[in-house]
Amino acid sequence: MRLYIAEKPSVGRELAKCLHGPIARHDGYLVTKDGVVTWLFGHILRQAEPEEYAPKYKRWLAKDLPIIPKQWKLFVAKDCEKQFAIVKSLIDKADEIVHGGDPDREGQLLVDEVLDYLGNKKPVRRILLNALDEKSIRKANASLRDNKDFFNLKQSALARARADWLIGMNLSRAYTLAARRAGHEGLVLPVGRVKTPTLSLVVRREREIEHFKPVTYYLIKGTFAHENGSFEAQWKPKDTMAGLDSENHLIDKKIAEEKLAFFREKLHEAQISAYQKTKKQEPQPLPFSLSTLQVLAGKRFGYAPQLVLDTAQKLYEKKLTTYPRSDCEYLPTNQFSDAPAILAHLAKAGDELVASWVPAANPKQKSRAWNDKKISAHHAIIPTTVQADVTKMTNEERNLYHLIARGYLAQFYPVHTYDQTKIEVNYKDELFTASGRTERDLGWKVMYQSQKKKHAAADESEEDGRESKDEDESTKTLPVMKKKDTVSWQRGRMLEKMTKPPVRFTASTLLAGMKEIHKYVKNPEAKKQLKDVYGIGTEATRATIIDDLIRRKFLKAQGKKKYLVPTPAAYLLVDALPDELTYPDSTAIWEDKLHSMSEGEGTLADFLQGQIDFTRRLCQKAENVHMEVKGENVCPRCHQGVLIQRKGRNGVFWGCSNYPKCRMTCNDKNGKPDLEDAKARLARRPRDMGPATISATALMRQQGDSSRQGRTRAAQPAAAASYAPAAYASSDYREGGAQESAADIAELNALFSPEDYAARFEADRQSYEAQRTSSWQNWSDKPKYSASPMEHMEKNGAGQEKDKYLCPRCREGHLRSLHGRNGVFWGCSNYPRCTATFDDDHGRPLLK
């Protein structure tokens, strides 16, 4: 049995229609004489969430980052379990499998991952469905390929998916935790390999607009008379003259007026110092990829990229156009033979303009679009051989079909030819320039000018992007002249212009920016390297990424033209992230490597190792990131976090959200942190914050070690590092106030992801001793330690003495004699609940 596995049900149904019948319908599959057809629902398998690798990852903790799976896991999506079981049972019965995923990177992966998940060992072939009309499907089915030929394409898709997981899961957690440490409760900052640089484009553009200062500048144009006619030329100021800005704009009005007066007085002859007339040809615009279709439809009709994709998908499923998620703008030569049939159907599609263009199309003419070397798994979007009826289409479908049909028709029109003329005039030792063009043969451009004359061809063609200056030149005609001809000054005029800020992105222009990402990279060398890169994101995901940024309220569309404006959350995220994430340099290079991997260059392991190293480095940077602090109770110690109310076993207290970097705590006073008390305590301490004092158990162990080595020898740092000190420093005991209990500490540890403080222990312990001795005015004030009879007690007696002194502060623990670097002192066994300490008075705690 041959089993066809399509990417989605609609494709499966169309495929089954083109196999020999009859068709028997079953739940989740169709049976024909040529084989069984089943389908997936896109990615029927999903990547495991972090907590599915280890339960501890359910809580977002900075100490766990980065999360690097040793073995990547997939799970069946919950709403796809039934269909997955059907596909599995059919694979078990099959003798041969035909991979029917969409002809792109993701389409290759989503069927391959199911086969790999099930450990399939049966032969697999590949069908490439670039269109769903019967002729295209039959042709594709007659030329099946070995699925092994697409192994590199699968590896590229796998690399992309895992890289997105590594960066998205880890860096989203890292920077969200950083935001929460700064008091941004409830805010989740999604970081993505493509999403973040895209958002950054909009933020930087908005800031350029905010900081833009318009400048008035002045142009001088002179009209010159030649024996064959008059023409106007623009004065080009010398870059050494006064009054120019960095862009060579003349911004001094007085100088401009003086210059115009200079040109008008004492007239004398001018000379044509340069005259160049060149015959040029402009080839037919290439047919559409999804991106070029989205950009043009956005500019022409104001359609959002996702709407264009959805509409193109509908046309594809109606068999009227070819596969929409294509990043290719070329066509295979074996498709050229379909031209007569497609042109004939376009003439009868019901679009009057398209029908009027068909007679002039030459189906035997081959444009540059027909190029097998440029074809990968799919080709450009064009009409199919199926007869369309635009009168039965929605308005969006009709408009898109019109653009696609026009783009296809252009391939059968002549190239556009014109004469490009450039002249230079020397007048009073100053340079004036003019340029113009004379049309020879409009060729394919006749279709792009016939609808609205006011729209220049450059505005509506796929190569639009020229400025109005080009439109002026396209209509300007210059008299026939030659070099060294004499001309005379007739009149002059001064124009006042204003520099304009950059235009805000729309969804369509942002998508174009993602495709032409080399324009926005930071590194000049990378800019050159990435000019031919395919951009960031894929044809299928770019629109989704933009929509997701809007849905998550990082961007909002404003005004009639729906310009994209960043929200405060967008500024917060972009400002917190390093350049490696906000500039597209790295992402564009990765996209280039992914494309190279699909062609057999590079390995999955090498690519992922680079992603792991990058993720690890950025997680470390997130630990030290500074964000704008949000909240009314800004921490008085670090000023980078806010005090958060916590309810512990022994009452309410407040702790810094920047814990454990800042371990500030203070009492609760009528539902608010007692900042006055906290500031007073800070002022009393020699360090910015109280030390992470040693647990009673640890100090007793230290005392025991010290006793064995000699009563006068101080504890060594190595000994201190041999046990885990408290990760939380309690504040001083506060009379009448609630204390932080061990449960409170645990809560803070869980909430704010504590680090190991063993390395910092010695400094903290020394600080503690400094605090205890800071009250000594001189060495003679230091308590004297004599050979008290208590020091010579027998062990049993000493053990009984240990519990003799009830702590007068907490009244739960007992005071224990401890030997520190600067001598003996007494500490409560109830540490860290109680941090009470007392000086030693001849072997007894000095309680008064």
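Residues numbered from 1 in each chain as written. Predicted model: local features only at pLDDT ≥ 70, side-chain atom pairs only at ≥ 80, totals over all residues. Heavy atoms only, no water.

Draft legend 1. A look at the overall build of the chain. A count of helices and strands for the chain gives 29 helices and 25 strands. For the chain, with 848 residues in total, the buried portion stands at 52%. By sequence separation, contacts in the chain at least 24 residues apart represent 74% of the contacts at least 6 residues apart. Total accessible area on the chain is roughly 40700 Å²; 49% of this is exposed by carbon and sulfur atoms. (Helix = DSSP H or I, 4+ residues; strand = E, 2+ residues; numbered from the N terminus. Buried < 20%, exposed > 50% of the residue type's maximum accessible area, 1.4 Å probe, protein only. Contact = heavy atoms within 4.5 Å. Areas by Shrake-Rupley, 256 points an atom, 1.4 Å probe, with all protein chains shown as cover.)

Draft legend 2. Seen up close, the nonpolar core. Of all hydrophobic cores here, the largest spans 66 residues; its most connected members are Tyr175, Leu199 and Met627. Going through the elements one at a time, α6 (151-181), α7 (195-210), α17 (507-515), α19 (542-551), α20 (568-576), α22 (585-598) and α23 (604-623) are the ones with two or more residues in this core. Tallying contributions element by element places α6 first for this core, with twelve residues. If near-sequence neighbours (up to four positions away) are discounted, Tyr175 is found in contact with Leu189, Val191, Ala576, Leu577, Pro578, Leu581, Leu618, Lys621, Ala622, Val625 and Met627. (Core = buried A, V, L, I, M, F, W, Y, C linked by side-chain atoms within 4.5 Å.)

Draft legend 3. Representation of the environment of His378 within the structure. As for its position among the elements, His378 is in the loop between α12 (352-357) and α13 (395-409). A sequence separation of 274 residues divides His378 from Asp104, and the C-alpha atoms of the two residues are 7.1 Å apart. The residues contacting His378, other than those within four sequence positions of it, are Pro103, Asp104, Asn130, Tyr323, Arg325, Ser326, Asp327 and Cys328.

Draft legend 4. Region of interest: α23. The end-to-end C-alpha separation of α23 is 29 Å, in line with the 28 Å expected for 20 residues at 1.5 Å each. Buried-residue contacts for α23 involve α6, α21 (579-582) and α22. (Expected span 1.5 Å × (residues − 1).)

Draft legend 5. Spatial organisation of the pattern of salt bridges. Scanning the model with the defined rule gives 35 salt bridges in all. Notably, a salt bridge pairs Arg160 with Glu106, separated by 2.7 Å at the nearest N-O pair. Of this pair, Arg160 sits in helix α6 while Glu106 sits in helix α4 (residues 105-117), and the two are 54 residues apart along the sequence. Take Arg160 and Glu106: they sit in the same class, and that class is buried. The partner of Glu397 in a salt bridge is Lys318, with the nearest N and O atoms 3.1 Å apart. Of this pair, Glu397 sits in helix α13 while Lys318 sits in the loop between α10 (305-317) and α11 (339-347); the two residues are 79 residues apart in sequence, bridging distant segments of the chain. What makes Glu397 buried here is its relative accessible area of 3%. Taken together, the salt bridges that share partners define one network made up of Glu106, Arg160, Asp164, Arg193 and Glu591. (Salt bridge = Lys/Arg side-chain N within 4 Å of Asp/Glu carboxyl O.)

Draft legend 6. Fine view of the pairing of strand β1 (residues 2-6). Counting buried positions over the five residues of β1 gives four, a clear majority of the element. Pairing analysis gives five bridges linking β1 to strand β7 (residues 96-100), with the strands arranged parallel. The residue bridging Ala6 from the neighbouring strand is Gly100, located in β7. Alignment of β1 against strand β4 (residues 35-39), held across four bridges, turns out to be parallel. Note on β4: the bridge partner recorded for Leu3 is Val36. (Pairing = 2+ DSSP bridges.)

Draft legend 7. Highlighting the environment of Pro660. Residue placement: Pro660 occurs in the loop between β19 (651-656) and β20 (665-669). Sequence separation between Pro660 and Arg181 is 479 residues, and the spatial gap between their C-alpha atoms is 9.7 Å.

Draft legend 8. Seen up close, the sheet that holds strand β8 (residues 124-126). Judged by pairing direction, the sheet is mixed, and its seven strands sit side by side in the order β2-β3-β4-β1-β7-β8-β9 without closing on themselves. Two strands bound the open sheet, and with one partner strand each, they are β2 (24-26) and β9 (145-146). With four bridges connecting them, strand β3 (residues 29-32) and β4 associate as antiparallel partners. Across the sheet, Tyr29 pairs through a bridge with Thr38, a residue of β4. The sheet strands contacting α4 are β1, β7 and β8, and the helix crosses β7 at an angle near 150°. (Axes fitted to C-alpha atoms, helices over the stretch in contact; angles between N-to-C directions.)

Draft legend 9. Quick look at the sheet that holds strand β12 (residues 269-282). Taken in spatial order, the six strands line up as β10-β11-β14-β13-β12-β15 and close into a barrel, and their pairing is antiparallel. Each adjacent strand pair in this sheet contributes to an overall mean axis angle of 35°, direction not counted. As paired strands, β12 and strand β15 (residues 486-498) are joined by three bridges and run antiparallel to one another. Counterpart to Gln271 in the pairing with β15 is Thr486. The strands that helix α8 (residues 253-264) touches are β10 (216-226), β11 (229-236), β13 (416-427), β14 (430-441) and β15; relative to β15, the one it contacts most, it runs at about 165°.

Draft legend 10. Highlighting the environment of Ala349. By secondary structure assignment, the location of Ala349 is in the loop between α11 and α12. Under the relative-accessibility criterion, Ala349 is labelled buried at 2%. Remark: the alpha-carbon pair of Ala349 and Val390, spanning 41 residues in sequence, is separated by 6.0 Å. Those residues in contact with Ala349, other than ones at most four positions away along the chain, are Gln387, Ala388, Asp389, Val390 and Tyr401.

Draft legend 11. Inspection of the confidence of the model for the chain at higher detail. With 80% of its residues at a pLDDT of 70 or more, the chain shows a mean pLDDT of 81. Looking over the chain, one finds the lowest element-wise mean pLDDT in helix α26 (residues 717-721), namely 33, and the highest in β8, namely 97. Across residues 452-471, confidence stays below pLDDT 50; counting only partners more than four residues off in sequence or on other chains, it has 33 contacts. Every residue in residues 686-769 scores below 50 in pLDDT, and together they form 173 contacts with partners more than four places removed in sequence or on other chains. (pLDDT = per-residue confidence, 0-100.)

Draft legend 12. View of α10. Spanning 13 residues, α10 covers 18 Å between terminal C-alpha atoms, matching the ideal 18 Å at 1.5 Å per step. Of all the residues in α10, the buried ones are Pro305, Gln306, Val308, Leu309, Thr311, Ala312, Gln313, Leu315 and Tyr316. Tucked into the core, α10 has its buried residues touching α9 (290-301), α13, α17 and α19. A positive backbone phi angle near 70° is found at Lys319, which sits one or two residues after α10.

Draft legend 13. Structural context of the packing of α4 against α6. Their axes nearest at 8 Å, the elements α4 and α6 cross at an angle of 90°. Comparing the axis directions of α4 and α6 gives the class roughly perpendicular. Contacts from Arg105, Glu106, Gln108, Leu109, Asp112 and Asp116 in α4 reach Leu153, Lys154, Ser156, Ala157, Leu158 and Arg160 in α6. Looking at side-chain class alone, the contact of α4 with α6 contains four nonpolar, two polar and six charged residues. (Parallel < 35°, antiparallel > 145°, perpendicular 65-115°, else oblique. Nonpolar A, V, L, I, M, F, W, Y, C, P; charged D, E, K, R; others polar.)

Draft legend 14. Main features of the packing of α17 against α19. Between α17 and α19, the shortest axis-to-axis distance is 10 Å and the interhelical angle comes to 125°. On the basis of their axis angle, the class for α17 and α19 is oblique. The two elements α17 and α19 cross, and the hand of that crossing is right-handed. Taken together, the residues of α19 that come into contact with α17 (itself represented by Ala507, Leu510, Leu511, Met514 and Lys515) are Arg542, Ala543, Ile545 and Ile546. For the contact of α17 with α19, the class distribution of residues is seven nonpolar, no polar and two charged. (Left-handed = near helix turned anticlockwise from the far one by under 90°.)

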